[in-house]
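# Structural description and commentary
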Amino acid sequence: MNAETATPPPLRLAVLGCAEFAWRNTLPAVRRTDEVHLTVLGSRDGAKAARYAEEFGGEPVEGYEKVLERHDVDAVYIALPTGLHHTWARRALEAGKHVLVEKPLTTGLAQTEDLVEVAVRRRRWLTDGFQFPHHGQHAQVREFVDEGGIGEPRFFTAAFGIPPRPPGDVRHEADLGGGALLDVGVYTVRAARMFLGEDLTVQGGTLRMDTARGVDLGGAALLCSGSGVPAQLSFSFETSYRSSYALWGSDGALTLERAFTPPPSFRPTLHVRRGNDTRELPLTRDDQPAQLMRAFARAVREGASMTAHGEELRRQAALVDDIRNRALRTAIRL
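Sequence order as written defines the numbering, with residues in each chain counted from 1. Given that this is a predicted model, residues contribute local features only at a pLDDT of at least 70 and side-chain atom pairs are listed and counted only at 80 or more, while totals for whole chains, interfaces and linings are drawn from all residues. To get the side-chain values, take all heavy atoms of the structure and skip hydrogens and water.

### Here's the deal with the pairing of strand S3 (residues 59–62)
Criterion used throughout: strands pair if DSSP finds at least two bridges between them. Where helices and strands are cited, they refer to DSSP runs of H or I of at least four residues and of E of at least two residues respectively, numbered from the N terminus. Pairing of strand S2 (residues 36–43) with S3, which is carried by 4 bridges, proceeds in the parallel orientation. Its bridge partner being in S3, Leu 41 is matched across the sheet by Pro 60. This β-α-β element, S2 to helix H2 (residues 46–56) to S3, shows right-handed connectivity. Crossover handedness is defined here as right-handed if the route from the first strand over the helix to the second strand goes clockwise, with the strands pointing away from the viewer.

Now the structure itself:
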(Lines give C-alpha, C1' and ligand atoms only; values in the text may rest on other atoms or scores of the structure.)
Protein backbone atom coordinates (compact mmCIF):
# COMPACT_ATOMS: atom_id res chain seq x y z
CA MET A 1 0.00 0.00 0.00
CA ASN A 2 1.51 3.35 -0.99
CA ALA A 3 1.57 6.43 1.22
CA GLU A 4 -1.24 8.15 -0.67
CA THR A 5 -3.73 5.37 0.05
CA ALA A 6 -2.54 4.40 3.53
CA THR A 7 -5.14 4.74 6.28
CA PRO A 8 -4.06 7.45 8.70
CA PRO A 9 -3.54 6.38 12.31
CA PRO A 10 -6.50 6.91 14.62
CA LEU A 11 -6.77 10.09 16.64
CA ARG A 12 -5.48 9.41 20.15
CA LEU A 13 -8.26 10.61 22.43
CA ALA A 14 -8.36 11.41 26.13
CA VAL A 15 -11.52 11.96 28.15
CA LEU A 16 -11.80 14.57 30.88
CA GLY A 17 -14.65 13.66 33.21
CA CYS A 18 -16.23 10.24 33.60
CA ALA A 19 -19.82 11.41 33.15
CA GLU A 20 -22.92 9.22 32.89
CA PHE A 21 -23.57 10.50 29.35
CA ALA A 22 -20.07 9.47 28.30
CA TRP A 23 -20.71 5.96 29.66
CA ARG A 24 -24.08 5.61 27.94
CA ASN A 25 -23.40 7.36 24.67
CA THR A 26 -20.03 8.79 23.71
CA LEU A 27 -17.61 6.10 24.84
CA PRO A 28 -19.55 3.26 23.20
CA ALA A 29 -19.48 5.39 20.01
CA VAL A 30 -15.70 5.77 20.27
CA ARG A 31 -15.48 1.99 20.47
CA ARG A 32 -17.47 1.79 17.20
CA THR A 33 -15.23 4.32 15.44
CA ASP A 34 -11.97 3.25 13.81
CA GLU A 35 -10.85 6.85 13.30
CA VAL A 36 -10.53 7.45 17.06
CA HIS A 37 -8.67 5.45 19.71
CA LEU A 38 -9.34 5.93 23.42
CA THR A 39 -5.97 6.42 25.10
CA VAL A 40 -6.66 7.97 28.50
CA LEU A 41 -9.62 8.32 30.87
CA GLY A 42 -9.18 11.18 33.32
CA SER A 43 -11.24 11.77 36.45
CA ARG A 44 -10.87 13.46 39.82
CA ASP A 45 -11.83 10.04 41.22
CA GLY A 46 -9.19 7.44 40.40
CA ALA A 47 -11.52 4.54 41.17
CA LYS A 48 -14.13 5.89 38.78
CA ALA A 49 -11.55 6.32 36.03
CA ALA A 50 -10.47 2.71 36.59
CA ARG A 51 -14.06 1.48 36.32
CA TYR A 52 -14.55 3.33 33.03
CA ALA A 53 -11.23 2.06 31.69
CA GLU A 54 -12.17 -1.51 32.56
CA GLU A 55 -15.29 -1.13 30.41
CA PHE A 56 -13.97 0.94 27.50
CA GLY A 57 -10.18 0.58 27.51
CA GLY A 58 -7.62 3.34 27.83
CA GLU A 59 -5.43 4.15 30.80
CA PRO A 60 -7.14 5.52 33.92
CA VAL A 61 -5.59 8.74 35.24
CA GLU A 62 -6.50 10.62 38.39
CA GLY A 63 -6.45 14.38 37.78
CA TYR A 64 -7.22 16.41 34.67
CA GLU A 65 -3.89 18.25 34.54
CA LYS A 66 -2.03 14.95 34.35
CA VAL A 67 -4.06 14.06 31.26
CA LEU A 68 -3.13 17.31 29.52
CA GLU A 69 0.57 16.66 30.20
CA ARG A 70 0.48 13.41 28.24
CA HIS A 71 2.40 13.26 24.95
CA ASP A 72 0.39 10.29 23.68
CA VAL A 73 -2.83 12.34 23.46
CA ASP A 74 -3.79 14.23 20.30
CA ALA A 75 -7.26 15.36 21.34
CA VAL A 76 -9.43 15.73 24.41
CA TYR A 77 -13.15 15.09 24.83
CA ILE A 78 -14.48 17.19 27.71
CA ALA A 79 -17.42 15.52 29.45
CA LEU A 80 -17.54 17.84 32.46
CA PRO A 81 -20.48 19.98 33.66
CA THR A 82 -21.12 23.01 31.43
CA GLY A 83 -19.75 25.48 33.95
CA LEU A 84 -16.32 23.81 33.73
CA HIS A 85 -16.13 23.65 29.92
CA HIS A 86 -14.37 26.96 29.38
CA THR A 87 -11.66 26.39 31.97
CA TRP A 88 -10.65 22.93 30.83
CA ALA A 89 -11.14 23.48 27.10
CA ARG A 90 -8.84 26.49 27.34
CA ARG A 91 -6.21 24.53 29.25
CA ALA A 92 -6.43 21.68 26.74
CA LEU A 93 -6.01 24.04 23.76
CA GLU A 94 -3.05 25.75 25.39
CA ALA A 95 -1.55 22.31 26.00
CA GLY A 96 -1.67 21.74 22.24
CA LYS A 97 -4.65 19.38 22.14
CA HIS A 98 -7.59 19.43 19.75
CA VAL A 99 -10.80 19.70 21.74
CA LEU A 100 -14.31 18.26 21.51
CA VAL A 101 -16.54 19.75 24.21
CA GLU A 102 -19.86 18.28 25.27
CA LYS A 103 -22.64 20.69 24.29
CA PRO A 104 -23.04 23.53 24.92
CA LEU A 105 -19.51 24.68 24.25
CA THR A 106 -19.61 27.23 27.10
CA THR A 107 -22.11 29.11 29.23
CA GLY A 108 -21.99 32.26 27.10
CA LEU A 109 -20.67 34.24 24.15
CA ALA A 110 -17.67 35.83 25.86
CA GLN A 111 -16.31 32.43 26.89
CA THR A 112 -16.94 31.02 23.42
CA GLU A 113 -15.11 33.91 21.76
CA ASP A 114 -12.17 33.37 24.09
CA LEU A 115 -11.92 29.67 23.23
CA VAL A 116 -12.18 30.36 19.50
CA GLU A 117 -9.37 32.91 19.75
CA VAL A 118 -7.15 30.39 21.54
CA ALA A 119 -7.99 27.63 19.03
CA VAL A 120 -7.15 29.85 16.07
CA ARG A 121 -3.92 31.07 17.69
CA ARG A 122 -2.83 27.56 18.68
CA ARG A 123 -3.95 26.09 15.33
CA ARG A 124 -6.09 23.46 17.02
CA TRP A 125 -9.58 22.23 16.17
CA LEU A 126 -12.33 23.08 18.63
CA THR A 127 -15.96 22.05 18.36
CA ASP A 128 -19.04 21.31 20.43
CA GLY A 129 -20.62 17.93 21.01
CA PHE A 130 -23.91 18.33 19.15
CA GLN A 131 -24.49 14.90 17.65
CA PHE A 132 -27.82 15.31 15.89
CA PRO A 133 -26.58 17.46 12.96
CA HIS A 134 -24.43 14.47 11.95
CA HIS A 135 -27.46 12.17 11.54
CA GLY A 136 -28.37 11.62 7.90
CA GLN A 137 -32.10 12.08 8.52
CA HIS A 138 -31.75 15.88 8.55
CA ALA A 139 -30.10 15.96 5.12
CA GLN A 140 -33.03 13.88 3.85
CA VAL A 141 -35.51 16.33 5.37
CA ARG A 142 -33.60 19.23 3.81
CA GLU A 143 -33.66 17.53 0.41
CA PHE A 144 -37.42 16.96 0.70
CA VAL A 145 -37.97 20.64 1.53
CA ASP A 146 -35.64 21.86 -1.22
CA GLU A 147 -37.53 19.77 -3.75
CA GLY A 148 -40.77 21.55 -2.84
CA GLY A 149 -42.28 18.86 -0.64
CA ILE A 150 -44.16 21.44 1.46
CA GLY A 151 -43.95 24.43 -0.85
CA GLU A 152 -42.32 27.55 0.55
CA PRO A 153 -41.46 27.22 4.27
CA ARG A 154 -43.47 29.68 6.35
CA PHE A 155 -43.00 28.52 9.97
CA PHE A 156 -40.49 26.42 11.93
CA THR A 157 -41.07 24.92 15.38
CA ALA A 158 -38.84 22.80 17.58
CA ALA A 159 -39.28 21.29 21.03
CA PHE A 160 -37.00 19.36 23.37
CA GLY A 161 -38.14 18.41 26.86
CA ILE A 162 -37.30 15.76 29.42
CA PRO A 163 -38.99 14.62 32.63
CA PRO A 164 -37.92 16.18 35.94
CA ARG A 165 -34.45 15.19 37.04
CA PRO A 166 -33.77 13.69 40.50
CA PRO A 167 -32.58 15.86 43.40
CA GLY A 168 -28.90 16.72 43.19
CA ASP A 169 -28.73 16.46 39.40
CA VAL A 170 -25.97 18.66 37.98
CA ARG A 171 -28.48 20.25 35.61
CA HIS A 172 -29.95 22.05 38.62
CA GLU A 173 -26.63 23.55 39.76
CA ALA A 174 -26.42 27.21 38.74
CA ASP A 175 -22.68 27.42 39.44
CA LEU A 176 -22.07 24.50 37.08
CA GLY A 177 -24.01 25.96 34.15
CA GLY A 178 -27.32 24.26 34.82
CA GLY A 179 -30.73 25.08 33.43
CA ALA A 180 -32.98 23.94 30.61
CA LEU A 181 -31.91 26.57 28.08
CA LEU A 182 -28.27 25.46 28.16
CA ASP A 183 -29.08 21.75 28.37
CA VAL A 184 -31.98 21.14 25.97
CA GLY A 185 -32.91 24.57 24.63
CA VAL A 186 -29.62 24.82 22.73
CA TYR A 187 -30.72 21.90 20.53
CA THR A 188 -33.75 23.80 19.30
CA VAL A 189 -31.58 26.83 18.50
CA ARG A 190 -29.15 24.66 16.56
CA ALA A 191 -32.02 23.09 14.61
CA ALA A 192 -33.45 26.49 13.70
CA ARG A 193 -30.05 27.55 12.37
CA MET A 194 -29.80 24.33 10.39
CA PHE A 195 -33.02 24.99 8.47
CA LEU A 196 -33.43 28.78 8.49
CA GLY A 197 -29.82 29.91 8.10
CA GLU A 198 -27.45 32.13 10.00
CA ASP A 199 -29.35 35.44 9.87
CA LEU A 200 -31.70 34.59 12.73
CA THR A 201 -32.56 37.24 15.30
CA VAL A 202 -34.25 36.82 18.68
CA GLN A 203 -37.64 38.52 18.96
CA GLY A 204 -38.47 37.48 22.52
CA GLY A 205 -38.68 34.65 24.98
CA THR A 206 -39.70 33.36 28.38
CA LEU A 207 -37.92 31.42 31.13
CA ARG A 208 -39.50 29.62 34.09
CA MET A 209 -37.05 30.24 36.92
CA ASP A 210 -36.56 27.98 39.92
CA THR A 211 -35.90 30.73 42.46
CA ALA A 212 -34.47 28.38 45.07
CA ARG A 213 -31.79 26.93 42.81
CA GLY A 214 -31.32 29.87 40.44
CA VAL A 215 -31.78 27.92 37.20
CA ASP A 216 -34.43 27.91 34.51
CA LEU A 217 -36.59 24.78 34.27
CA GLY A 218 -37.97 25.59 30.84
CA GLY A 219 -39.04 28.29 28.48
CA ALA A 220 -39.71 29.37 24.93
CA ALA A 221 -38.21 31.69 22.35
CA LEU A 222 -39.34 33.35 19.15
CA LEU A 223 -36.70 33.86 16.47
CA CYS A 224 -37.04 35.18 12.94
CA SER A 225 -34.97 34.63 9.80
CA GLY A 226 -33.89 37.40 7.48
CA SER A 227 -36.58 36.34 5.02
CA GLY A 228 -39.28 36.62 7.69
CA VAL A 229 -39.75 32.96 8.63
CA PRO A 230 -40.43 32.70 12.39
CA ALA A 231 -39.00 29.94 14.56
CA GLN A 232 -40.89 29.03 17.72
CA LEU A 233 -38.71 27.07 20.15
CA SER A 234 -39.67 25.40 23.43
CA PHE A 235 -37.62 23.48 25.99
CA SER A 236 -38.26 22.01 29.43
CA PHE A 237 -37.14 19.97 32.42
CA GLU A 238 -40.78 19.71 33.60
CA THR A 239 -42.52 17.71 30.90
CA SER A 240 -42.84 14.31 29.35
CA TYR A 241 -40.11 13.50 26.84
CA ARG A 242 -40.37 15.31 23.53
CA SER A 243 -37.75 15.74 20.81
CA SER A 244 -39.10 17.07 17.52
CA TYR A 245 -39.19 19.78 14.92
CA ALA A 246 -41.70 20.75 12.26
CA LEU A 247 -41.82 22.86 9.12
CA TRP A 248 -45.10 24.33 7.87
CA GLY A 249 -45.11 25.51 4.29
CA SER A 250 -47.35 27.07 1.69
CA ASP A 251 -48.44 23.65 0.37
CA GLY A 252 -47.96 21.27 3.28
CA ALA A 253 -46.25 20.47 6.55
CA LEU A 254 -43.78 17.96 7.94
CA THR A 255 -42.85 16.73 11.40
CA LEU A 256 -39.83 14.74 12.54
CA GLU A 257 -40.07 12.99 15.94
CA ARG A 258 -37.04 11.75 17.90
CA ALA A 259 -35.17 14.48 16.06
CA PHE A 260 -32.35 15.03 18.53
CA THR A 261 -31.58 11.75 20.29
CA PRO A 262 -32.39 8.74 18.08
CA PRO A 263 -30.33 5.64 18.95
CA PRO A 264 -28.47 3.91 16.10
CA SER A 265 -31.11 1.17 15.92
CA PHE A 266 -34.01 3.63 15.52
CA ARG A 267 -35.63 3.92 12.08
CA PRO A 268 -36.81 7.55 11.76
CA THR A 269 -40.02 8.46 9.99
CA LEU A 270 -40.92 11.77 8.39
CA HIS A 271 -44.60 12.64 8.82
CA VAL A 272 -45.86 14.70 5.88
CA ARG A 273 -49.26 16.30 5.36
CA ARG A 274 -50.19 17.93 2.06
CA GLY A 275 -53.86 18.83 1.63
CA ASN A 276 -55.86 15.75 2.59
CA ASP A 277 -52.91 13.48 1.91
CA THR A 278 -50.93 12.22 4.92
CA ARG A 279 -47.81 10.16 4.40
CA GLU A 280 -45.11 8.55 6.50
CA LEU A 281 -41.76 8.49 4.74
CA PRO A 282 -39.12 6.15 6.18
CA LEU A 283 -35.70 7.73 6.62
CA THR A 284 -32.29 6.12 7.02
CA ARG A 285 -30.97 4.82 10.32
CA ASP A 286 -27.71 6.39 11.43
CA ASP A 287 -25.22 6.30 14.29
CA GLN A 288 -24.99 9.98 15.18
CA PRO A 289 -22.49 9.76 18.08
CA ALA A 290 -20.11 7.73 15.93
CA GLN A 291 -20.62 10.12 13.03
CA LEU A 292 -19.70 13.03 15.29
CA MET A 293 -16.48 11.27 16.26
CA ARG A 294 -15.64 10.59 12.61
CA ALA A 295 -16.32 14.22 11.69
CA PHE A 296 -14.11 15.40 14.56
CA ALA A 297 -11.24 13.15 13.48
CA ARG A 298 -11.66 14.20 9.85
CA ALA A 299 -11.56 17.91 10.71
CA VAL A 300 -8.34 17.39 12.69
CA ARG A 301 -6.74 15.24 9.99
CA GLU A 302 -7.67 17.59 7.13
CA GLY A 303 -6.80 20.80 8.96
CA ALA A 304 -10.29 22.27 8.63
CA SER A 305 -10.62 26.06 8.93
CA MET A 306 -11.04 27.00 12.57
CA THR A 307 -11.67 30.60 11.56
CA ALA A 308 -14.80 29.68 9.60
CA HIS A 309 -15.98 27.16 12.17
CA GLY A 310 -15.35 29.66 14.94
CA GLU A 311 -17.95 31.95 13.39
CA GLU A 312 -20.52 29.13 13.58
CA LEU A 313 -19.71 28.57 17.25
CA ARG A 314 -20.05 32.31 17.93
CA ARG A 315 -23.44 32.52 16.20
CA GLN A 316 -24.83 29.69 18.32
CA ALA A 317 -23.58 31.28 21.54
CA ALA A 318 -24.81 34.73 20.55
CA LEU A 319 -28.35 33.49 19.92
CA VAL A 320 -28.47 31.61 23.22
CA ASP A 321 -27.15 34.68 25.06
CA ASP A 322 -29.76 36.86 23.36
CA ILE A 323 -32.59 34.51 24.35
CA ARG A 324 -31.42 34.56 27.95
CA ASN A 325 -31.01 38.35 27.99
CA ARG A 326 -34.37 39.12 26.37
CA ALA A 327 -36.48 36.51 28.14
CA LEU A 328 -39.34 37.44 30.43
CA ARG A 329 -38.66 35.53 33.65
CA THR A 330 -41.42 33.87 35.65
CA ALA A 331 -40.50 32.83 39.18
CA ILE A 332 -41.73 29.44 40.31
CA ARG A 333 -41.35 27.75 43.68
CA LEU A 334 -41.12 24.00 44.03
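### With respect to unusual backbone geometry
Here the bond from Lys 103 into Pro 104 is cis, since omega is -10 degrees, no more than 30 degrees from zero. Structurally, Pro 104 can be placed in the loop between strand S5 (98–101) and helix H5 (109–122). Positioned with a positive phi, Arg 123 is a non-glycine residue whose angle comes to about 55 degrees. Along the chain, Arg 123 turns up in the loop between H5 and strand S6 (126–128).

### A word on the pattern of salt bridges
Any carboxyl oxygen of Asp or Glu within 4 Å of a side-chain nitrogen of Lys or Arg constitutes a salt bridge here. With the rule as written, the count across this model stands at 26 salt bridges. Glu 35 is the partner of Arg 294 in a salt bridge, and the nearest nitrogen-oxygen pair spans 3.8 Å. Highlighted residues: Arg 294 in helix H8 (residues 288–302) and Glu 35 in the loop between helix H1 (20–31) and S2, separated in sequence by 259 residues. Burial classes follow relative accessibility: with a 1.4 Å probe on protein chains only, a residue under 20% of its type's maximum area counts as buried, one over 50% as exposed, and anything between as partly exposed. The exposure class of Arg 294 is partly exposed, given its relative accessible area of 23%. For Glu 35, a relative accessible area of 26% translates into the label partly exposed.

### Some remarks on the sheet that holds S6
Read from one edge to the other, the open sheet built from 6 strands follows the order S3-S2-S1-S4-S5-S6, with strand pairing classed as parallel. At either end of the open sheet lies a strand with only one pairing partner, and these are S3 and S6. Taken over all neighbouring pairs, the strand axes of this sheet differ in orientation by 20 degrees on average, direction set aside. Where strand S4 (residues 75–78) and S5 come together, 4 bridges link them in parallel fashion. In the strand pairing of S5, Ile 78 is matched with Val 101. In this analysis, axes come from line fits to C-alpha atoms, helices being fitted only over the stretch in contact, and the angle between any two N-to-C directions falls in the range 0 to 180 degrees.

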